[in-house]
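Spelled out, the chains give:
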Amino acid sequence: MIGGLKPEAKIVERERRRTPRYPFIASAELIEEKADVRIASRVSELSLHGCYLDMMNPFPMGTLVLVKIAAGDAFFQAKGKIIYSQMNMGAGVSYIQIEPESQAVLERWLDEAEKESQKQAG
């Protein structure tokens, strides 16, 4: 056993993410569409399937949202779902639906973030 968990559990825990997550700083807006509640936030991590947003009062887990991210002259938006929420810290958002234009922007940002990450590591 490793740290109180069976080795298989450690592997499952480590492999929960489908794709790499990269540090990425950008401004974001999270909109809960039913009540039209908007929260300004900041992206701190980005991946192909979701992102982490820094905010003091995140929406509860399970909330369906529209996430809008702006970095430089590029803009991304996707329908998503809050998959975890940490009061006074932020929320993890999983993308549910991304338009093709936004998908292209996301892939470009991830490519740039991966190159930056490799440059800092090497």
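In what follows, the accompanying structure is described.

### Notes on the packing of aromatic side chains
1) Next: Across all of its chains, the model carries four aromatic pairs by this definition.
2) Next: Through a chain of ring-to-ring contacts, the aromatic side chains of Phe 24, Phe 76, Tyr 95 and Trp 109 assemble into a single cluster.

### Regarding the pairing of strand E4 (residues 64-71)
1) Next: The pairing of strand E1 (residues 22-32) with E4 spans five bridges and is antiparallel. Along E4, the bridge assignment pairs Ile 31 with Leu 66.
2) Next: Looking at chain direction, E4 and strand E5 (residues 74-86) are connected through eight bridges and run antiparallel. When the sheet's bridge partners are listed, Leu 64 is paired in E5 with Lys 81.
3) Next: The turn joining E4 and E5, which pair antiparallel and follow one another in sequence, is formed by two residues; a positive phi near 60° is taken by Gly 72.

### Some thoughts on the sheet that holds E1
1) Next: Reading around the circumference, E1-E2-E3-E6-E5-E4 is the order of the six strands in this closed barrel, with antiparallel pairing throughout. The average undirected angle you get between the axes of adjacent strands in this sheet is 45°.
2) Next: Packed on one face of the sheet, helix H2 (residues 100-121) meets E1, strand E2 (37-46), E4, E5 and strand E6 (90-98) and runs near 75° to E5.

### Observations regarding the side chain of Ser 102
1) Next: Secondary-structure assignment places Ser 102 in helix H2.
2) Next: With relative accessibility at 7%, the residue Ser 102 sits in the buried group.
3) Next: A distance of 3.1 Å separates the side chain of Ser 102 from the backbone nitrogen of Gln 77, its partner in a polar contact.

### Structural notes on unusual backbone geometry
1) Next: Unusually for a residue other than glycine, Asp 36 sits at a positive phi of about 55°.
2) Next: Among the secondary structure elements, Asp 36 is positioned in the loop between E1 and E2.

### Quick notes on the side chain of Ser 47
1) Next: Inspection of the secondary structure puts Ser 47 in the loop between E2 and strand E3 (50-54).
2) Next: Aside from chain neighbours lying at most four places away, what touches Ser 47 is Thr 19, Pro 20, Arg 21, Tyr 95, Leu 106 and Leu 110.

Reading the values: rules and limits
For every chain, the first residue of the written sequence is number 1, and numbering continues from 1 along that sequence. The predicted origin of the model limits local features to residues at a pLDDT of at least 70 and limits the giving and counting of side-chain atom pairs to 80 or more, whereas totals for whole chains, interfaces and linings rest on all residues. As a convention, hydrogens and water are excluded, and side-chain values are obtained from all of the structure's heavy atoms. Here a pair means two rings of Phe, Tyr or Trp (six-membered ring of Trp) with centres within 6.5 Å. Their orientation is stacked below 30 degrees between planes, edge-to-face above 60, and tilted elsewhere. For two strands to count as paired, DSSP must find a minimum of two bridges between them. Helix and strand assignments follow DSSP, with helices taken as H or I runs no shorter than four residues and strands as E runs no shorter than two, numbered in order from the N terminus. Axis lines are fitted to C-alpha atoms, over the contacting stretch for helices. Their N-to-C directions set the angle, which ranges from 0 to 180 degrees. For this analysis, residues touch if any pair of their heavy atoms sits within 4.5 Å. Relative accessibility under 20% of the residue-type maximum defines a buried residue, over 50% an exposed one, and the middle range a partly exposed one, all with a 1.4 Å probe and only protein chains included. Definition of a polar contact: a pair of N or O atoms within 3.5 Å, with one able to donate and the other able to accept a hydrogen when the atoms are protein atoms, and with sequence-neighbouring residues admitted only if both atoms are side-chain atoms.

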